[in-house]
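Survey of secondary and tertiary structure
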Amino acid sequence: MTTLVTDEKRPTEPTQLASRRRVLDSLPSGARTTGDQAAARSRMVRRLRIALPILAIVLVGALLVNTQSNKADEAFLDDFKDIDATAEELSMASPRFAGVDNKGKPFEITADVARQNTNLKDVVTLDRPHAVQGENNGSTVVSADKGVYRSDQNILELEDQVTLQHEVGSEVYVFHTPTATVAIKDEVVTSDTGVEGQGSNGRELTAERMKAYNGEGRVVLEGNVHMRIYPKDAEAKPDDNAADTGRPALKEVDIEKPQ
Amino acid sequence: QLIAAGDSKEPIDITGDTAEFQDNLAVWTGNVRVVQGPAILISERLEAVLTDEGDFETITAIGSVRYSNGEEAITGERAVFNNAARTIVMTDNVIVTQGKQVMSAGKITYWIDSGKVLFTPEAGKRIRGLFFTGKDDEQS
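In this text, all values refer to a predicted model and were calculated from it rather than measured experimentally. (Residues numbered from 1 in each chain as written. Chains lettered and ligands numbered in written order. Predicted model: local features only at pLDDT ≥ 70, side-chain atom pairs only at ≥ 80, totals over all residues. Heavy atoms only, no water.)

A word on the overall build of chain B
Scanning chain B for helices and strands turns up one helix and nine strands. Along the chain direction, N to C, the helices and strands of chain B fall in the order β-β-β-β-β-β-β-β-β-α. The proportion of buried residues among the 140 residues of chain B is 46%. In chain B, once contacts between residues fewer than 6 apart in sequence are set aside, the share between residues at least 24 apart is 32%. Working note: accessible area of chain B is about 6,600 Å², and carbon and sulfur atoms make up 51% of it. (Helix = DSSP H or I, 4+ residues; strand = E, 2+ residues; numbered from the N terminus. Buried < 20%, exposed > 50% of the residue type's maximum accessible area, 1.4 Å probe, protein only. Contact = heavy atoms within 4.5 Å. Areas by Shrake-Rupley, 256 points an atom, 1.4 Å probe, with all protein chains shown as cover.)

Re the overall build of chain A
What chain A contains, in helices and strands, is three helices and 15 strands. In chain A, buried positions account for 25% of the 259 residues. Partitioning the contacts of chain A with sequence separation of at least 6, the portion at a separation of at least 24 is 35%. Total accessible area on chain A stands at roughly 18,200 Å², and carbon and sulfur atoms take up 54% of it.

Quick notes on the UniProt feature "transmembrane region" (unreviewed entry) in chain A
This chain's UniProt record puts "transmembrane region" (unreviewed entry) on residues 48-65 of chain A. Here residues 48-65 of chain A runs as 100% helix and 0% strand, with 26 Å between its end C-alpha atoms. (UniProt positions renumbered as here; feature names shortened; annotations may be inferred.)

Concerning helix H1 (residues 14-26) of chain A
Between its terminal C-alpha atoms H1(A) stretches 19 Å, which fits the 18 Å expected from 13 residues at 1.5 Å a residue. In terms of residue burial, H1(A) counts as a barely covered element, since only zero of its 13 residues are buried. (Expected span 1.5 Å × (residues − 1).)

Quick notes on the pattern of salt bridges
All names here are of chain A. Counted according to the given criterion, the structure contains 15 salt bridges over all chains. One salt bridge connects glutamate 216 with arginine 218, and the closest N-O pair in it is separated by 2.8 Å. In this structure, a network of salt bridges that share partners links the residues Asp112, Arg128 and Asp145. (Salt bridge = Lys/Arg side-chain N within 4 Å of Asp/Glu carboxyl O.)

Focus: unusual backbone geometry
The backbone phi angle of Glu187(A) is positive, close to 60°, even though this residue is not glycine. Relative to the helices and strands, Glu187(A) resides in the loop between strand E10 (171-183) and strand E11 (188-191). Since its relative accessible area comes to 1%, Glu187(A) is described here as buried. Of note, Ser64(B) is a non-glycine position whose phi angle comes to about 45°, a positive value. For Ser64(B), a relative accessible area of 40% puts it in the partly exposed group.

Quick notes on a nonpolar patch on the surface
Together, Met44(A), Leu48(A), Leu52(A), Leu55(A) and Leu59(A) give the surface a local cluster of nonpolar side chains, amounting to about 510 Å² of exposed area. Along the chain, Leu52(A) turns up in helix H2 (residues 35-68). (Patch = residues over 30% accessible without salt bridge, like charges linked within 9 Å, V, L, I, M, F, W, Y side chains within 5 Å.)

A look at the pairing of strand E3 (residues 106-110) of chain A
Residues and elements named next belong to chain A. Here E3 shows a clear split, with Phe107 and Ile109 buried on one side and none of Pro106, Glu108 and Thr110 buried on the other. Taken together, the five bridges between strand E2 (residues 96-100) and E3 define a ladder with antiparallel strand orientation. Considered in E3, the bridge of phenylalanine 97 is made with isoleucine 109. Here E2 folds back onto E3 in antiparallel fashion, the turn holding five residues, of which glycine 104 has a positive phi close to 85°. Where E3 meets strand E6 (residues 130-133), four bridges bridge the pair, whose relative direction is antiparallel. (Pairing = 2+ DSSP bridges.)

So this is what it looks like as structure tokens:
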């Protein structure tokens, strides 16, 4: 059947034609899908319809399995069964204890390392302790390689290369002794294992026992106390056998008391 | 120098059973012995006043005091040594011995560097001395 197109239906205006041409041109044009391509796509879709549900089931199963059995965690915990949960010994680097004694004088104890046994809360062992008591030049400085601080008795026990710096008269002596005990509250330093002290100008002071009462600025030495002083204009350490320099030998003079 | 004559550079050694230092006072007790070169001072107790530099300003020896410098020997119950004046003042039953010669007095003042001795009698007593002129030596 043929259709007559009359004049009235044809686009008469040129712009309408051009715009319709542009619309047609913008449409993508690709090759037509061939029969094989369509068949391949159908096959892939059929396979996916089977594989995806199976994958989902496997994932859910794995999740269930995982949450139920915790055999692996028990084994992990077994490895650590005999380890005690609380620490035997606490240690602290560069500790610093500070306080004031009975008379309000400040004291400070520092050390390289402090160790505290959790069963003995009042006992702290110190590596290279250093204690300063008092202020300015009236202070006493004590240091050693090892020390034990007993906080319940406020006592510091020092051993190995103990060094005590203390005023004797108006001069500061540095004493060395194997062991010493510092009673902090009473401000008393005691040593009964022999002390050797050096002052200025080569002065020496030795004794078997020493007690330094910091609060009173007093030092008591006992047992073979020996002090050596060099006269001001003498060299600090003239030859010790000065007696052999031709000086008259010391004559012992016996005196009978007159009747 | 301290107790030795002249300007001795010898070190001064003090020994005793105990020593107590407080401020600028030092007290030695028990077998106290101060030695400087040939000079020696012995007593039961010694109290020393120290200067700010730690030197001895005065020394007081108490109880069985004995001072000797190798030539003279002085004994008594109390002696005060004064470093500035360079003297030892000895009191209470004082006896001075020089070789075989002996003198006793209530109090003596001894100048360490010059060896000069001033005898002062006790109240109501006289100074007594025993001298040898040297002839006895030839006869005996």
